[in-house]
Amino acid sequence: MNYFPDEVLEHIFDFVTSQRDRNSVSQVCKPWYKIESSSRQKVFVGNCYAISPERVIERFPGLKSITLKGKPHFADFNLVPHDWGGFVHPWIDAFARNNMGLEELKLKRMVISDDSLELISRSFANFKSLVLVSCEGFSTDGLAAIASNCSFLRELDLQENDVEDHRGHWLSCFPDTCTSLVSLNFACLKGDVNLAALVRLVARSPNLRSLRLNHAVPLDILQKILMRAPHLVDLGVGSYVHDPDSETYNKLVTALRKCKSVKSLSGFLEAAPQCLPAFHLICPNLTSLNLSYAPGIHGTELRKLIRHCRKLQRLWILDCIGDEGLEVVAATCKDLQEIRVFPSDPFVGNAAVTEVGLVALSSGCPKLHSILYFCQQMTNAALITVAKNSPNFTRFRLCILDPTKPDAVTNQPLDEGFGAIVQSCKGLRRLSMSGLLTDQVFLYIGMYAEQLEMISIAFAGDTDKGMQYLLNGCKKLRKLEIRDCPFGNAALLMDVGKYETMRSLWMSSCNVTLGGCKSLAKKMPMLNVEIINETDQMDISADDEQKVEKMFLYRTLAGRRKDAPEFVWTL
Amino acid sequence: MEVEKGTKMGFEETELRLGLPGNGGGGTEGGESAKKRGFSATVDLKLNLSSKEGGDDTNHEKTQTENNLLATDPAKPPAKAQVVGWPPVRSFRKNMLAVQKSSTDQGSAEKVPGGNATFVKVSMVGAPYLRKVDLKNYKSYHELSGALGELLSSFTIGNCGSHGTKDFLNESRLIDLLNGTDYVPTYEDKDGDWMLVGDVPWDMFVESCKRLRIMKGTEATGLAPRAMEKCKNRSFK
């Protein structure tokens, strides 16, 4: 491969965009490594503690776009203490100090401060895109900095973040000269926004294609916005309450008629169902619909809406749709690929969907490959039917609200049902299970789930064998998270080398002991084995026999992290 | 496996489980391990799952009984046990739905403020770290008291005895039955003054409260002598 000058190789590598492929390219030979590394623009870091920012910068000096993930997935469910970590500042700081031409930053489950946001806005002249998912630590002041200083900002996308709202004028901080916005999503903000500034911003953003509003934007403003942005492709409605007989509502209908490009619809954070027919105009073109934050839309109005959505590929919905509503989905949405059914009352746990809805979906939607389903109950028979109908599942997540509930008809464990799923769905990459489950289900998973990369387990299994089957069988496993299962040291220590092939392992409320964790940490220096200790009951000199409440381990090149709080020990 | 049905705990229960210490184990070993660590389920009514027959039933029952005793209101039937982090729904989503629900419950047809969350720090004398609660999550002093009781019971030692209840805030007092010490919830208002919780209407309280502090009764002299007297004279069941 010495025939080609570097520029030619680099040009060829430009066509290789996926990170996995580029990683492979870089391993062919030294010259390829050099060229690939110097020309790589986009990097994905699945665990921000797996590598240091300095090392990333050193290897990829041309870096323009980076994705970083911080806290373990179970942090979403309050299982990880608030100050555990995931601080992005060292990364921003390193990039700024090294004059990196950063243009895009995407963070998930990280802590980002207003100072960091300000630093971003001042350090990177070409900064174009900020996407924050499930992050925290910042306020609308930080957003104001981004708005004020990023002259070429194209994308500001805030998804489900915990943002301290200073009822800011952050929207007014976009200068009049800023006309580059393509995507703006502030649906998660709790406070008011300057509505006039919002309308003016939309009016001067000819490239705006995605706009998701928060609850503070009422229907009359929505109407004004739509008049100024008829080319929107993705719309998140804020508050949707109005009198359907009013002139404002009529104006909205007129505006919606002009929006022929909307393919994705979400929001309705507050909705008057009688106003929904205005959106029936939009529905036939929709490929994505997210009504999972719209508890006000249910029953007949919801079903009416769905019946217009024949092209839907992605649907996120609340369980108040009921089995009946899911049958409407199954009959209408033949292109459906992904569905998520969330509980509308997560605190009490009375889901309105059962195995009936699930079977209907699998029967009616041949392209369905990704599902998240919170339900009241399940049966082996239903799962076996689903497995037969839908061998194409890549992501299958089932959550029965009562976590150890057996088969609702036979009272047996759900081992056979999930076993059928993994056996039939040969491309399954992600799995979450619930219900009464014994070691047997893990035997099935180990035997059949060859492509499985991520699995979440709760309240399942009988003995160490369960976890052992899993670790032995799933060769492509990257992320394993376990809570409240009777797995102990024998399982943990069975194959310590395995953990270097994985991104991370989480175990909480299991039977692993401090001694077991210490032993693992000793054998595997390339892993950070963290004990998260929230009570005073355990200290570092504690009895090795004591069970560990929460353990999180991950492979890393960066060694022990320096920002761990007091209650986190790295063994 | 039966899980006791009952009144719903309310989302604030789950709210309080944010990073609470003492997450006892569930699963078949749940009862035992929870006891071993002395968490004694004061903090959360961990769903104590005995998915096998026999064996762990006694432990299961014991902890379940403890759970029942710790229901915040013994007059109501024992609430359905809630597990930390279950169902696995992102807290953002849980909070959002809770806010939407409470606004519908109030029957208000107008725009939901969405609750600018009003997080205030809660400190308790002797506690190693502070907590935060969102006052907008509660509609009354009674709800707040239940929440604070649970939140901070982890800082008081041990079990709750046969009453199980932290009798809190009837007259704005938190009383630790075991220790026999009186606790007084106080707050700092917008003017920087330290006030006794419970004097003003709830909404006014939410507007003016900047931070909460649970003091010992002995510290709180001068705040509300009348309330303290009442408390000393109350008879316990």
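Just so it is clear, the model here is predicted, and its values are computed rather than measured.

Now for the overall build of chain B. From N to C terminus, chain B includes seven helices and seven strands. Element order for chain B, N to C, with α for helix and β for strand: α-α-α-α-β-β-α-β-β-β-β-α-β-α. Every one of the 237 residues in chain B was classed for burial, and the buried ones make up 54%. For chain B, long-range pairs separated by at least 24 residues make up 60% of all intrachain contacts whose partners lie at least 6 apart in sequence. In the structure as shown, chain B presents an accessible area of about 10900 Å², 52% of it carried by carbon and sulfur atoms.

A word on the overall build of chain A. In terms of regular secondary structure, chain A is built from 19 helices and 23 strands. Computed over its C-alpha atoms, the radius of gyration of chain A comes to 25 Å, within 12% of the 25 Å expected for a compact globule of 571 residues. In terms of overall dimensions, chain A has a C-alpha envelope of 70 × 60 × 60 Å along the principal axes. Here chain A holds 571 residues, and 60% of them are scored as buried. A distance of 7 Å separates the average location of the 64 positive side-chain charges in chain A from that of its 64 negative side-chain charges.

Turning next to the pattern of salt bridges. Taken as a whole and judged by the stated rule, the model has 27 salt bridges over all chains. Here K190(A) ties to D162(A) by a salt bridge, and the two come within 3.2 Å at their closest N and O atoms. Taken together, the residues K190(A) in the loop between β8 (183–185) and α8 (195–203) and D162(A) in strand β7 (residues 162–164) connect sequence positions 28 residues apart. For D162(A), a relative accessible area of 36% gives the class partly exposed. Through salt bridges that share partners, D76(A), R109(A), E160(A), R90(B) and R93(B) make up one connected network.

A few words now on the packing of aromatic side chains. All names here are of chain A. All chains considered together, the criterion is met by 24 aromatic pairs over all chains. Between Y49 and W84 the ring centres are 5.7 Å apart and the planes differ by 80°, which places this aromatic pair in the edge-to-face class. Within this pair, whereas Y49 is found in the loop between β1 (42–45) and α4 (53–59), its partner W84 is found in the loop between β2 (65–69) and α5 (89–97), the two being separated by 35 residues in sequence. One exposure class covers both Y49 and W84, and it is buried. Between F393 and F396, the ring centres sit 5.2 Å apart and the planes meet at 75°, which makes this aromatic pair edge-to-face. Pair check on accessibility: F393 and F396 agree, each one buried. Members of the aromatic cluster, each reached through a chain of ring pairs, are Y49, F74, F77, W84, W506, F552 and Y554. Just above the ring of Y49 sits the side chain of R561; from NZ or CZ to the centre is 4.5 Å.

Looking now at the side chain of S39(A). Here S39(A) is to be found in helix α3 (residues 30–39). Setting aside anything within four residues of it in sequence, one finds S39(A) in contact with E10(A) and R22(A).

This brings us to the UniProt feature "domain: F-box" (unreviewed entry) in chain A. Residues annotated by UniProt as "domain: F-box" (unreviewed entry) correspond here to residues 4–43 of chain A. In the segment residues 4–43 of chain A, helix accounts for 65% and strand for 5%; the C-alpha atoms at its two ends are 26 Å apart.

Residues W170(A), F186(A), Y240(A), F268(A), Y373(A), F396(A) and I445(A) are the most contacted members of the largest nonpolar core, which totals 188 residues. In contact with I445(A), other than residues within four places in its own chain, are V422(A), L431(A), M433(A), L452(A), I455(A), L470(A) and C474(A). Among the nonpolar cores identified, the runner-up in size contains 20 residues, and M124(B), A127(B), V133(B) and C209(B) belong to it.

To characterise two packed helices, one gives the angle between the axes of the helices and the distance between these axes. All names here are of chain A. Interaxial distance between α5 and helix α6 (residues 114–123) falls to 10 Å at its minimum, and their mutual angle equals 20°. Taken as axis vectors, α5 and α6 run roughly parallel relative to one another. Along this stretch, α5 crosses α6, giving a crossing that reads as left-handed. Where α5 approaches α6, its residues H89, I92, D93 and A96 are matched on the opposing element by S116, L119, I120 and S123. When grouped by side-chain class, the residues that make up the contact of α5 with α6 number four nonpolar, three polar and one charged.

Another point: the environment of V133(B). Structurally, the position occupied by V133(B) is in strand β2 (residues 131–134). Sequence separation of V133(B) and L144(B) is 11 residues, and the distance between their C-alpha atoms is 9.2 Å.

All names here are of chain A. The buried fraction of strand β13 (residues 314–318) amounts to four of the five residues, a majority that puts the element mostly inside the structure. As judged from the three bridges shared by strand β12 (residues 288–290) and β13, these two strands associate in the parallel manner. Opposite N290, over in β13, you have W316 as the bridge partner. Remark: the β12/helix α11 (residues 299–307)/β13 crossover connection has right-handed handedness. With five bridges connecting them, β13 and strand β14 (residues 338–342) associate as parallel partners. If you follow W316 over to β14, its bridge partner there is R340.

Let's shift gears to the side chain of D439(A). Residue and element names in this part refer to chain A. Inspection of the secondary structure assignment puts D439 in helix α16 (residues 439–448). K465 is the oppositely charged side chain nearest to the buried, salt-bridge-free D439, at an N-O distance of 5.8 Å. Not counting residues within four places of it along the chain, the set of residues in contact with D439 comprises G461, D462, T463, K465, G466 and Y469.

This part is about the confidence of the model for chain B. Parts of the prediction with low pLDDT should not have their coordinates interpreted in detail. In this model, chain B carries a mean pLDDT of 57, and residues with pLDDT of at least 70 account for 37%. Interface confidence for the predicted complex, given as ipTM, is 0.89, next to a pTM of 0.74.

Residue and element names in this part refer to chain A. What the domain assignment lists for chain A is domain 1 (1–40) and domain 2 (46–208). A C-alpha centroid distance of 30 Å is found between domain 1 and domain 2. Contacts between the two partners involve six residues from domain 1 and, on the opposite side, five residues from domain 2. Of the roughly 440 Å² buried between domain 1 and domain 2, counting both surfaces, carbon and sulfur atoms make up 46%. Counting every contact that joins domain 1 to domain 2 gives one salt bridge. Note that R59 is salt-bridged to E36, the shortest N-O span being 3.9 Å. Linking domain 1 to domain 2 there are three residue pairs in polar contact (both at pLDDT 80 or more).

With that settled, consider α5(A). Residues and elements named next belong to chain A. Taken together, the buried positions of α5 are W91, I92, A94, F95 and A96. Residues of α5 that are buried sit in contact with β1, α4, β2, β3 (104–108) and α6. Where α5 ends, the next residue or the one after it, N99, has phi of about 50°, a positive value.

Here we come to the environment of F174(A). Residue and element names in this part refer to chain A. For F174, the position within the fold is in the loop between β7 and β8. Given the relative accessible area of 3%, F174 is considered buried. Spatially, the C-alpha atoms of F174 and A145 are 9.2 Å apart, while their sequence positions differ by 29 residues. Apart from the residues lying within four places of it in its own chain, the contact partners of F174 are A147, L153, L156, L181, L201 and R204.

Bringing unusual backbone geometry into the picture now. Of note, the amide linkage connecting W86(B) to P87(B) takes the cis form, showing an omega dihedral of -5°. Relative to the assigned elements, P87(B) resides in the loop between α3 (57–69) and α4 (91–105). Phi is positive for N78(A), close to 65°, though the residue is something other than glycine. Tracing the sequence through the fold places N78(A) in the loop between β2 and α5. The phi torsion at N99(A) lies on the positive side, around 50°, for a residue other than glycine. Of the residues examined, N99(A) reaches a relative accessible area of 69% and is grouped as exposed.

Cut-offs applied
- Residues numbered from 1 in each chain as written.
- Chains lettered and ligands numbered in written order.
- Predicted model: local features only at pLDDT ≥ 70, side-chain atom pairs only at ≥ 80, totals over all residues.
- Heavy atoms only, no water.
- Helix = DSSP H or I, 4+ residues; strand = E, 2+ residues; numbered from the N terminus.
- Buried < 20%, exposed > 50% of the residue type's maximum accessible area, 1.4 Å probe, protein only.
- Contact = heavy atoms within 4.5 Å.
- Areas by Shrake-Rupley, 256 points an atom, 1.4 Å probe, with all protein chains shown as cover.
- Rg over C-alpha atoms; globule rule 2.2 N^0.38 Å.
- Lys, Arg positive; Asp, Glu negative; His and termini not counted.
- Charge placed at Lys NZ, Arg CZ, Asp CG, Glu CD.
- Salt bridge = Lys/Arg side-chain N within 4 Å of Asp/Glu carboxyl O.
- Phe/Tyr/Trp six-rings, centres within 6.5 Å; stacked < 30°, edge-to-face > 60°.
- Lys NZ or Arg CZ within 6 Å of the ring centre and 35° of its normal.
- UniProt positions renumbered as here; feature names shortened; annotations may be inferred.
- Core = buried A, V, L, I, M, F, W, Y, C linked by side-chain atoms within 4.5 Å.
- Axes fitted to C-alpha atoms, helices over the stretch in contact; angles between N-to-C directions.
- Parallel < 35°, antiparallel > 145°, perpendicular 65-115°, else oblique.
- Left-handed = near helix turned anticlockwise from the far one by under 90°.
- Nonpolar A, V, L, I, M, F, W, Y, C, P; charged D, E, K, R; others polar.
- Pairing = 2+ DSSP bridges.
- Right-handed = clockwise from strand over helix to strand, strands pointing away.
- pLDDT = per-residue confidence, 0-100.
- Domains from an automatic or database assignment.
- Buried area = accessible area lost by both parts, 1.4 Å probe.
- Polar contact = N/O pair within 3.5 Å; in protein donor to acceptor, adjacent residues only side chain to side chain.

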